[in-house]
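# Notes for the structure review
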Amino acid sequence: MINVDRLIFEYPNLRALDEVSFYIPQGSITALVGPNGAGKTTLLRCMAALEQPVSGDIRINNIDVLEHPRECHRIIGYLSDFFGLYDRLTVRQCLHYVARAQGIAEEDCAAAIARVSKGLHITDRLDVLAGTLSRGLRQRVAIAQAIIHSPRVVLLDEPASGLDPEARHELAELFLELQQQGMTLLVSSHILAELEAYSTDMLVLREGKIIEQVTIKAHAHAQDFKLVLASPVENLATLLQQIDKIKLLKNEYNQTVLLQVQGDSLQQHELLKNLLAQNLPVCEFAKITSNLQDTYLETIRHRS
Ligand code: ATP
C-alpha cells in the first residue's frame, strides 16, 4: 500500500532523511517511532505531499505522491503534529468545511459528519465553537477532519498528545475500527504503551535512517497463545490442526505449543472450552504479548 524508496530530504544545513526505504502492507497499523529529531514529522510531511524531497520515490496505493500530490491528497488523511482549527467556526462547521474541501457532495456531508463525530465521541460538541474546546477535544476534532473523506491511508503525527487516558483508549479502538474498514495507518508517537495496543508493525527511525522494521502482530485480529498441557498428548498436532481458526506455530514435545488464534476474546473462550472438551489436560492457556517498548529500546541500544 505504501512504498518509500531511497527518500532523501534536506533542510538548509541538515539531511533529515537519508535514503529512507520501507514498505507498508495494506490494512496494517504501523507505529513510527524514534528519538526526538529522528525525522518522523519530516517523513510524514513528505508522504502527505507537503514537502519536496531531494530525491527518492513515494508511492501510496500506486500513486506517485511527488508527481501527483492532489491525487494523493484524495486518498490520504493527514493529522499534523501542530494543527490549527478555525476557532470561530463550530465543530460542525469545521467538519463541514473539510468535508466539502475533500470533495464530499453537499448532500452527503451530514452523514459524513455524523459518522466521524460518533467515532470520535464529539457528537455532543458539534454546535460548540472550536476555539472554546479543550486541547484533547481539539485533537479529536482534528482527527475527525483527517478521516472525514474515508481515506485509504491515514498518516497521524502524535495523535494521542493531549488526550486523557480514556480518550487515548478510545483512540486506540477507533484505529482498530478504521483498520477493520480496510484503512492503512501510519502513526507516529512516543507513547509506546498505547502503540502496543493496536500496532501491527513498527518502523524505527533514527538520525534520518530506518534502523528497524518489525512485525509486531501477524494479523490485527490474530493473537499468539501459549498452550501448556500437564502431560504430553501424542496426537496433539493432528488434533489442533482440525480446529477452525487456529494455526499451530510451534510444538514442543506434544506438551507446549504456540498457537495463532483468530477472533475476539469470546472466540478465544470458545476455543479453550473446545480444548477442554477434547479432554486435553490444559494447565496453561495464555496470550503472548509482544512488548513494543522492549523491542524499541533494544533496537535503539543495539544500534548505538
Ligand atoms: P520529534 O519527535 O521531536 O517531533 P521528529 O522525529 O518528528 O522529532 P523532525 O521534526 O522531522 O523530527 O526533525 C528532523 C530533523 O530536522 C531535526 O534535527 C530537526 O531539528 C530538523 N528540522 C525540522 N524542521 C526543520 C526546519 N524547518 N528547518 C531546519 N531543520 C529542521
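Residues numbered from 1 in each chain as written. Predicted model: local features only at pLDDT ≥ 70, side-chain atom pairs only at ≥ 80, totals over all residues. Heavy atoms only, no water.

This paragraph deals with the site of the ligand. Surveying the vicinity of the ligand reveals the residues Tyr11, Leu14, Ala16, Pro35, Asn36, Gly37, Ala38, Gly39, Lys40, Thr41, Thr42 and His190. Thr41 has a polar side-chain atom sitting 2.8 Å from an oxygen atom of the ligand. Taking 630 Å² as the accessible area of the ligand by itself, protein coverage stands at 59%. Its residues placed into classes, the shell around the ligand shows 5 nonpolar, 6 polar and 1 charged. (Near = heavy atom within 4 Å. Polar contact = N/O pair within 3.5 Å; in protein donor to acceptor, adjacent residues only side chain to side chain. Areas by Shrake-Rupley, 256 points an atom, 1.4 Å probe, with all protein chains shown as cover. Nonpolar A, V, L, I, M, F, W, Y, C, P; charged D, E, K, R; others polar.)

Okay, the packing of helix α3 (residues 91–101) against helix α5 (residues 135–147) next. In contact at an axis separation of 9 Å, α3 and α5 are set at 25 degrees when each is read in the N-to-C sense. Viewed along their axes, α3 and α5 adopt a mutual orientation that is roughly parallel. When the axes of α3 and α5 are compared, the crossing they make is right-handed. Facing α3, whose interface residues are Val91, Cys94, Leu95 and Val98, α5 presents Val141, Ala144 and Gln145. Class assignment of the residues belonging to the contact of α3 with α5 gives a composition of 6 nonpolar, 1 polar and no charged. (Axes fitted to C-alpha atoms, helices over the stretch in contact; angles between N-to-C directions. Helix = DSSP H or I, 4+ residues; strand = E, 2+ residues; numbered from the N terminus. Parallel < 35°, antiparallel > 145°, perpendicular 65-115°, else oblique. Left-handed = near helix turned anticlockwise from the far one by under 90°. Contact = heavy atoms within 4.5 Å.)

Below, the discussion takes up the packing of α3 against helix α4 (residues 106–119). Angle between the axes and distance between the axes: these two values describe a pair of packed helices. Between α3 and α4, the least distance of the axes is 9 Å, while the angle of their chain directions is 125 degrees. The angle between α3 and α4 places the two elements in the oblique class. With respect to the hand of their crossing, α3 and α4 are arranged in right-handed fashion. For the pair α3 and α4, contact is made by Arg92, Leu95, His96, Ala99 and Arg100 and by Glu106, Cys109, Ile113 and Val116, respectively.

It is worth spelling out empty space enclosed by the protein at this point. Throughout the structure, instances matching the rule amount to 1 cavity of 30 Å³ or more. Volume-wise, the largest cavity comes out at about 70 Å³. For the lining of the largest cavity, the elements supplying multiple residues, two or more each, are α5 and α6 (165–180). Top contributing element to the lining of the largest cavity by residue count: α6, with 4 residues. Broken down by class, the residue content of the lining of the largest cavity amounts to 6 nonpolar, 2 polar and 2 charged. (1 Å grid on protein atoms, 1.4 Å probe; cavity = no way out; pocket = protein on both sides within 12 Å on 5 of 7 lines; lining within 4 Å. Points joined across faces, edges and corners; volume = space filled by probe spheres on them.)

Within strand β7 (residues 153–157), 5 of the 5 residues are buried, which leaves the element mostly enclosed by the surrounding structure. Neither face of β7 is exposed, since Val153, Leu155 and Asp157 on one face and Val154 and Leu156 on the opposite face are all buried. Relative to β7, strand β6 (residues 76–79) runs parallel, the two sharing 4 bridges. Of the residues in β7, the one forming a bridge with Tyr78 is Leu155. The pairing of β7 with strand β8 (residues 184–188) spans 5 bridges and is parallel. Considered in β8, the bridge of Leu155 is made with Leu186. (Buried < 20%, exposed > 50% of the residue type's maximum accessible area, 1.4 Å probe, protein only. Pairing = 2+ DSSP bridges.)

If you walk across this open sheet you meet the 6 strands as β6-β7-β8-β3-β9-β10, and the pairing is mixed. Edge positions in the open sheet fall to β6 and β10 (209–215), since each of these has one partner strand only. On average, each strand axis in the sheet is tilted by 15 degrees relative to the strand beside it, whichever way the strands run. In the packing of helix α1 (residues 40–47) onto the sheet, contacts are made with β3 (29–33), β6, β7, β8 and β9 (201–206), and the angle to β7 comes to roughly 150 degrees. α6 contacts β3, β7 and β8 of the sheet and is inclined by roughly 150 degrees relative to β8.

Another point: α3. Of the positions making up α3, those classed as buried are Val91, Cys94, Leu95, Val98 and Ala99. What you see down the axis of α3 is that its buried residues fit within an arc of 130 degrees, all on one side. Structurally, α3 contributes buried residues whose contacts are with α4 and α5. Gly103 sits one or two positions beyond α3 and adopts a positive phi of about 90 degrees. (Arc of directions from axis to C-beta.)

Two strands in a sheet stick together by hydrogen bonds in their backbones, pointing the same way (parallel) or opposite ways (antiparallel). The antiparallel open sheet is built from 4 strands, whose spatial order is β12-β13-β11-β14. Where the open sheet ends on each side, the last strands, each with one partner, are β12 (246–252) and β14 (282–287). If you compare each strand with its neighbour and ignore which way they point, the axes differ by 20 degrees on average. Alignment of strand β11 (residues 222–229) against β14, held across 5 bridges, turns out to be antiparallel. Along β14, the bridge assignment pairs Phe225 with Lys287.

Another point: unusual backbone geometry. Positive phi values are uncommon outside glycine, yet Ser150 reaches one of about 45 degrees. In this structure, Ser150 sits in the loop between α5 and β7. Of note, Lys245 is a non-glycine position whose phi angle comes to about 65 degrees, a positive value. Locating Lys245 in the fold gives a position in the loop between α8 (236–241) and β12.

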